[in-house]
Amino acid sequence: MIKSPVKRGSFLVLGSNRYEDTSALVTLASQEGIFSVLAKRVYQPKSNLKPLLIFGNYVDLEYRYQEKISIASSLSVLYDASFLSSDYSKAMFLLFLQELSNTLFRYGDSYPLDEIVKILKALETEDTLSLCLLSLGVFLRHLGLEYTVDSCALCHRKDHIVSFSEEEGGFLCEDCAKKRDAMKTSEMELHVLRYAFMEVNEKNVKRIVPRSEGRKILTLLTQKLERSFDLTPFKTFSLLYQSLL
């Protein structure tokens, strides 16, 4: 039998499920989308594929398509996320991010790989709550659910922004807020909401949002995802929220 050619690419590990006694089916994200590989004998002590069992690891992977499934053959670790679990709030963020990824994305779906990898790398030293907000902004933007936060959602005016409206899909200026009888939103909450949709770059991952307003916007954006896809509440959100108090 002629073997299929070896393929190679960079992937983010999104999760794994045990397969038979010593193997695992591993879900990976790439620029091209979500797919799975079989990591044979990964649970054996000397397996070189063990990094595929750790969510958040970013790996350079070689694999081969065989018998209707892709089979992992070798890898090198580009980013090791295992140490993040030693901090409780960061560990809760990893669990939340994993649940979001596996709930919102299916086989073949494109995934915002570059931005999420940047956030995971920043998690080592930067503020967890702020990076949670950036992650939610990335997913909402990628899924076409971004709020209008650079101008009024109705008249597109950029100044005198005083309110936020879920119904209107973003910020409201003073005039539009009066027409809609919308209550004013605190200036700090508007700043935090704007931050959530900022570009993921070296400068923005170092920003630190205020705790109270940050948790409030974190809840708002999480509920936005739940409502948009008619999901039950994310199981890991309450654990994450408590860890950020």
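Here the residue numbering is sequential within each chain, running from 1 through the sequence in written order. Predicted model: local features are reported for residues with pLDDT of at least 70 only, side-chain atom pairs are reported and counted for 80 or more only, and whole-chain, interface and lining totals are derived from all residues. Side-chain metrics in this entry use all non-hydrogen atoms of the structure; hydrogen atoms and water are not considered.

Asks: Tell me what's going on with the overall build of the chain, and back it up with residues and numbers.
Replies: Here a helix means four or more residues in a row that DSSP labels H or I, a strand means two or more in a row labelled E, and each is numbered from the N terminus. Tallying secondary structure elements over the chain gives seven helices and seven strands in all. Secondary structure elements of the chain occur, N-terminal to C-terminal, as β-β-β-β-β-α-α-α-β-β-α-α-α-α. Dimensions of the chain, computed from the C-alpha atoms along their principal axes, are close to 70 × 35 × 35 Å. The 245 residues of the chain split such that 49% are buried. A contact between two residues is defined here by any heavy atoms of the two lying within 4.5 Å. For the chain, the share of sequence-separated contacts (at least 6 apart) that also reach a separation of at least 24 residues comes to 57%. About 12800 Å² of surface is accessible on the chain, with carbon and sulfur atoms providing 50% of the total. Note on exposure labels: buried denotes an accessible area under 20% of the residue type's maximum, exposed denotes more than 50%, and partly exposed covers the range between, all computed with a 1.4 Å probe on protein chains only. Residue exposure ignores everything except the shown protein chains as possible cover, and the areas themselves are Shrake-Rupley values with a 1.4 Å probe.

Asks: Run through helix α6 (residues 211-228), naming residues and quoting values.
Replies: Taking 1.5 Å per residue as the helical rise, α6 with its 18 residues ought to reach 26 Å, and the 26 Å between its terminal C-alpha atoms agrees with that figure. Those residues of α6 not exposed but buried are Gly 214, Arg 215, Ile 217, Leu 218, Leu 221, Thr 222, Lys 224, Leu 225 and Glu 226. Check the buried side of α6 and you find it contacts α1 (88-104), α3 (128-142), α5 (187-196) and α7 (237-243). In a helix, the anticipated span is given by 1.5 Å times the number of residues less one.

Asks: Before we move on, can you summarise the packing of α1 against α3 with the specific residues and values?
Replies: Each pair of packed helices can be described by the angle between their axes along with the distance between the axes. Every axis corresponds to a line fitted to the C-alpha atoms, with the helix fit spanning only the stretch in contact, and the corresponding angles, defined between N-to-C directions, vary from 0 to 180 degrees. The interhelical angle for the contact between α1 and α3, taken along N-to-C directions, is 10°, at an axis separation of 10 Å. Judged by the angle between their axes, α1 and α3 are roughly parallel. Across from Ser 89, Lys 90, Phe 93, Phe 96, Leu 97, Leu 100 and Ser 101 in α1, the residues of α3 making contact are Thr 128, Leu 131, Cys 132, Ser 135, Leu 136 and Phe 139. Of the residues contributing to the contact of α1 with α3, the split by class is eight nonpolar, four polar and one charged. Angle categories: roughly parallel below 35 degrees, roughly antiparallel above 145, roughly perpendicular from 65 to 115, and oblique for all the rest. All residues other than Ala, Val, Leu, Ile, Met, Phe, Trp, Tyr, Cys, Pro, Asp, Glu, Lys and Arg, Gly among them, are scored as polar; the first ten of these are nonpolar and the last four charged.

Asks: Tell me about the packing of α5 against α6, and name the residues and values.
Replies: Packing of α5 against α6 brings their axes to within 9 Å, and their N-to-C directions diverge by 55°. Comparing their axes, α6 and α5 come out oblique. Where α5 crosses over α6, the handedness of that crossing is right-handed. On α6, the residues that touch Met 188, Glu 189, Val 192, Leu 193 and Ala 196 of α5 are Glu 213, Gly 214, Lys 216, Ile 217 and Leu 221. The residue makeup of the contact of α5 with α6, split by class, is six nonpolar, one polar and three charged. It is the rotation of the near helix from the far one that decides the hand of a crossing: anticlockwise by less than a right angle makes it left-handed, clockwise makes it right-handed.

Asks: Explain the environment of Asp 150 to me, and be specific about the residues and the numbers.
Replies: Note on placement: Asp 150 falls in the loop between α3 and β6 (161-165). Along the backbone, Asp 150 and Cys 132 are 18 residues apart, and their C-alpha atoms lie at a distance of 20 Å.

Asks: Describe unusual backbone geometry, listing the residues and the values that go with them.
Replies: Despite not being glycine, Glu 20 has its phi angle at roughly 55°, a positive value. Relative to the helices and strands, Glu 20 is located in the loop between β1 (6-19) and β2 (23-30). For His 156, which is not glycine, the phi dihedral falls at a positive 70°. Relative to the elements of secondary structure, His 156 occurs in the loop between α3 and β6.

Asks: Requested: an account of the nonpolar core, with residues and values cited.
Replies: Leu 12, Tyr 111, Ile 116, Leu 133, Leu 193, Leu 218 and Leu 221 are the most contacted members of the largest nonpolar core, which has 64 residues in total. Here this core takes nine residues from α3, the largest share from any one element. Filtering out sequence-adjacent residues up to four positions away, Leu 133 remains in contact with Val 192, Tyr 195, Ala 196, Val 209, Gly 214, Ile 217, Leu 218 and Leu 221. In this structure, Val 26, Phe 35, Leu 52 and Leu 75 belong to the second largest nonpolar core, which totals 16 residues. Only buried residues count toward a nonpolar core. Its members are Ala, Val, Leu, Ile, Met, Phe, Trp, Tyr and Cys residues joined through side-chain atoms within 4.5 Å.

Asks: Lay out the pairing of β2 in plain terms, naming residues and giving numbers.
Replies: Extensive coverage of β2 is indicated by the burial of seven of its eight residues. A pair of strands is treated as paired once DSSP finds two or more bridges between them. As paired elements, β1 and β2 share seven bridges and run antiparallel to each other. For Ser 16, the partnering residue across the bridge sits in β2 and is Val 26. The hairpin formed by β1 and β2 contains three residues between the paired strands, and Glu 20 there has a positive phi angle of roughly 55°.

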